[in-house]
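# Structural description and commentary
Here are the chains, one letter per residue:
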Number of protein chains: 2
Amino acid sequence: MAELDHAARFAELIGAANVLTAASDKAPYLVEWRDLYQGVTPMVLRPGTVEEVSAVLKHADANGLKIVPQGGNTGLVGGQIPKESGDEIVLSLARLNRVRDVDPQGFTITVEAGVVLETLQREADAVDRLFPLALGSQGSCQIGGNLSTNAGGTAVLAYGNSRDLVLGLEVVLANGDVWNGLRALRKDNTGYDLKHMFIGGEGTLGVITAATLKLFPKPKKLEVAFIGLSSPEAALELFSTAKAQAGPILTGFEIMPRIGLEFCLRHLPGARDPLAGPHPWYVLMELSSGTEAFPVRDLLEAILGEAYEKGLVEDAAFAESMAQAQDFWHIRHGMSEVQRAEGGSIKHDVSVPVASIPAFLARAIAAVEAMVPGCRPVPFGHLGDGNIHFNVSQPVGADKEAYIARWDEMNALVHGIVHEFNGSISAEHGIGRLKRDLLREVKSPLELDLMQRIKSAFDPNNTLNPGRVL
Amino acid sequence: MAELDHAARFAELIGAANVLTAASDKAPYLVEWRDLYQGVTPMVLRPGTVEEVSAVLKHADANGLKIVPQGGNTGLVGGQIPKESGDEIVLSLARLNRVRDVDPQGFTITVEAGVVLETLQREADAVDRLFPLALGSQGSCQIGGNLSTNAGGTAVLAYGNSRDLVLGLEVVLANGDVWNGLRALRKDNTGYDLKHMFIGGEGTLGVITAATLKLFPKPKKLEVAFIGLSSPEAALELFSTAKAQAGPILTGFEIMPRIGLEFCLRHLPGARDPLAGPHPWYVLMELSSGTEAFPVRDLLEAILGEAYEKGLVEDAAFAESMAQAQDFWHIRHGMSEVQRAEGGSIKHDVSVPVASIPAFLARAIAAVEAMVPGCRPVPFGHLGDGNIHFNVSQPVGADKEAYIARWDEMNALVHGIVHEFNGSISAEHGIGRLKRDLLREVKSPLELDLMQRIKSAFDPNNTLNPGRVL
């Protein structure tokens, strides 16, 4: 069958208006915001129901066509962008955007893959519940993509990754078969838990079309402190103490270096130093509670008072209003973008065991400074999750292009150290196309082989997202 | 190769003292406490290291031998008992019982499969941490078996099932290959999350030899109330209110019927009615907090006061001491055993969506009473997890044998209703041999096929636990 014949067949299956072939119509599906990839595709398909997704995949699989599922197109590793070869068809889930069921009593919600994360958060909020997944891209990313990539975000410490929020899935397999795994059960031990293969599978094993998700009580009280410390060791000890005392009430624990704060003070509109004097490291600590009855502020002050006595904390500022709490978070959220104003930045999205963070930072900082004298490491992120955004800004006055040209060399150096700490070279963003080759360096041949066995068992014709992950 | 030759070979691999062939030595591995199964085996193998487990499986897989992994032998569905055919070899993990690492700062612990659950709980307690998994059999069950069956227990409401407590696994595959998936990472998006296939895989996909597990802050304050209510509807609404206000502090929410309490008062030594008058239904509600700062008792009283105003609660007793709290739990924990004193009891381990519990109970109770006039349903359990132990005692004075003879008939009736509520016929205990045929009735052919594809991909020679699950 010729390409045109396939387009005509897809038009019969999902309607001509939902088969995009004009360059201008396809364009938004082919670029991603970091401009790492520029995709080429014969057509973008926009089915509106699970039956249409099934029909599309059945035809594609039977005819050797390659399908790239796409949600909100916010992925950072190229998984959702068709290859430059131009033979991969984009399958957009955007039109599967219904909220199928909301159950506040049972603390669950069932939504289709194309529902935008922010919409999902609002649906939960409307019934006095919380859907905790929160990301920078929440205004445009879709829940199907979040689940396919096991998205992390800022609420992982208290609520877990996307994976931990899923009770059940509806998935269309490569050959068009529909698996109805939409269960709202908290306990179910009836065979292998298949949903965990599709969550984080990056669209290579099946296309998630709907999910039943956990909801939580909506936080009623929130307290934030901006804390100055002498070292990552002190930050780690503070974390352990805080978690031991606050447990699930500890909903944020972010570490930042002094240089990151200085970048914000220089380049981030509205940013001001919450503390009087300078400190080598900072922690943004948040406690929040679903009940008014919890003395959150008292606990926060007790934890920090004790830490101050122990010499763990040099100084701390408490947010006295929601606005001030937002000012503190504004600094943390601005930490990535302000690096652009300081020239080239080489980035790493890594994780290590929480207790290894101080040792990892010491090793990695020394290594990159030895590799590029004068470079400025700005490691920051979710200490409580062991997840550090290890970004390194160029030396002052150095040539940006020449510095960025050493991206792979520095990645190899840092990832080597991550590997020694039994860490992860992709804590949040996944593998996609960007880290596919890296995966071969950090995973054992056996683990890669086990993944390939599952891929072959679920998608024998390699129809779904070929060349991603594996 | 003859059986004796295999025994000799295994003796070379793991030492003659660890190859049990005498009937008296094998006996403890061949019976399980409900006497549903009486196993037969040529030998019981007791390797002491992961390398020895690997060597055993390599030889078995290469020679067409069948292996039945066994932990503490506390399973309730026959998964760990060799078949009567007598050709399955028992692989005991009991000697892999080392605690490899305890990391209180990072809130993790790494243990081998043969570590007894109670030992694991004590190791955590010794560093002021909690390992929350708690079961009736915790004095003898082993963590490897708990993970292989995704054990549930009484702490699921706040901490999740066994699956949710795992960060990483070490697994020996059917052919002896060792997968080192022992990671202590809270975030890791580098490919398919293989550990979830082995957790709940009931030893059919690989043999778990070690695990890195999550630890939690140790609860410092605990409050329990014994509550009388008019209906499951009232209990559900109380649950939703309590969870919305207490969130993760709500660590227990168990429902019991009046007849269950009466059985306890008649047959359970030391049991007394915590409330003055009788009530149709009861809830045992527990709040616990890792911090002294939380006014747990105030919150419990506030929640119940409000519920009383709304007419949800008829009466409530608060435990004024640890001893009294234990008295309340004593009734809940005695609920199963006291049914024996009332004659035959037909049991179901089922779950439905939490919000469906009242409707499910109404349907199921009416159905069994219509099937066996005069029978006495005693449904109790973890309302907060949607998990009900739907046990039905025989009519007073009826013939026990004749009643028990209708076990399968009543199971079919109740499981049919569970299925209509999109529930689970095995919420906690798994499939093993006992529910293997039932699985075919409740799972779609596609889901069974997907499970079989994974089984074939991981264990092509069907060496591990043949005839269990699939």
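Reading the values: rules and limits
- Residues numbered from 1 in each chain as written.
- Chains lettered and ligands numbered in written order.
- Predicted model: local features only at pLDDT ≥ 70, side-chain atom pairs only at ≥ 80, totals over all residues.
- Heavy atoms only, no water.
- Least-squares fit on C-alpha atoms with pLDDT ≥ 70 in both.
- Contact = heavy atoms within 4.5 Å.
- Domains from an automatic or database assignment.
- Buried area = accessible area lost by both parts, 1.4 Å probe.
- Salt bridge = Lys/Arg side-chain N within 4 Å of Asp/Glu carboxyl O.
- Polar contact = N/O pair within 3.5 Å; in protein donor to acceptor, adjacent residues only side chain to side chain.
- Pairing = 2+ DSSP bridges.
- Helix = DSSP H or I, 4+ residues; strand = E, 2+ residues; numbered from the N terminus.
- Axes fitted to C-alpha atoms, helices over the stretch in contact; angles between N-to-C directions.

## So, the relation of the copies chain B and chain A
One copy of the chain maps onto the second through a rotation around an axis plus a translation along that axis. Overlaying chain B with chain A gives an RMSD of 0.0 Å, the required rotation being 180 degrees about an axis along which the chain moves by 0.0 Å. Accordingly, the operation relating the two chain copies is best matched by a two-fold axis. Take the interface residues of chain B: 100% of them recur as interface residues in chain A, which is what a same-surface contact looks like.

## Overview of the domain arrangement of chain A
The figure often quoted for interface size is the accessible area lost as the parts come together. All names here are of chain A. Assigned domains within chain A: domain 1 (3-92), domain 2 (99-217), domain 3 (221-334) and domain 4 (343-442). Facing 11 residues of domain 1, the contacting portion of domain 4 comprises six residues. Between domain 1 and domain 4 lies a buried interface of about 710 Å² when both sides are counted; carbon and sulfur atoms form 61% of it. A per-residue breakdown of the area domain 1 buries against domain 4 is headed by Y37, L76 and V77, which together make up 64% of the total. On the surface where domain 1 and domain 4 come into contact, there are one salt bridge. Between R433 and E84 there is a salt bridge whose closest N-O contact spans 2.8 Å.

## Re the interface of chain B and chain A
In this assembly, 83 residues from chain B lie in contact with 83 residues from chain A. Each partner contributes to the roughly 7100 Å² buried at the junction of chain B and chain A, and carbon and sulfur atoms together form 59% of this total. Among the residues chain B hides against chain A, the three largest losses belong to B:K187, B:N189 and B:Y192. Together they make up 15% of the total. Viewed at the interface, chain A and chain B are joined by eight salt bridges. Ionic pairing is found between A:K187 and B:D385, a salt bridge with its closest N-O pair at 3.5 Å. For the interface between chain B and chain A, the tally reads 36 residue pairs in polar contact (both at pLDDT 80 or more).

## Describing the sheet that holds strand 4 (residues 88-92) of chain B
Residue and element names in this part refer to chain B. The four strands are arranged 1-2-4-3 in an open sheet whose pairing can be described as mixed. Each of the sheet's edge strands pairs with one partner strand only, and the pair in question is strand 1 (19-20) and strand 3 (66-70). Here strand 2 (residues 44-45) runs beside strand 4; their pairing, made up of two bridges, is parallel. Directly across from L45, in strand 4, lies its bridge partner L91. Its contacts with the sheet put helix 3 (residues 50-62) on strand 2, strand 3 and strand 4, and the angle it makes with strand 4 is roughly 170 degrees.

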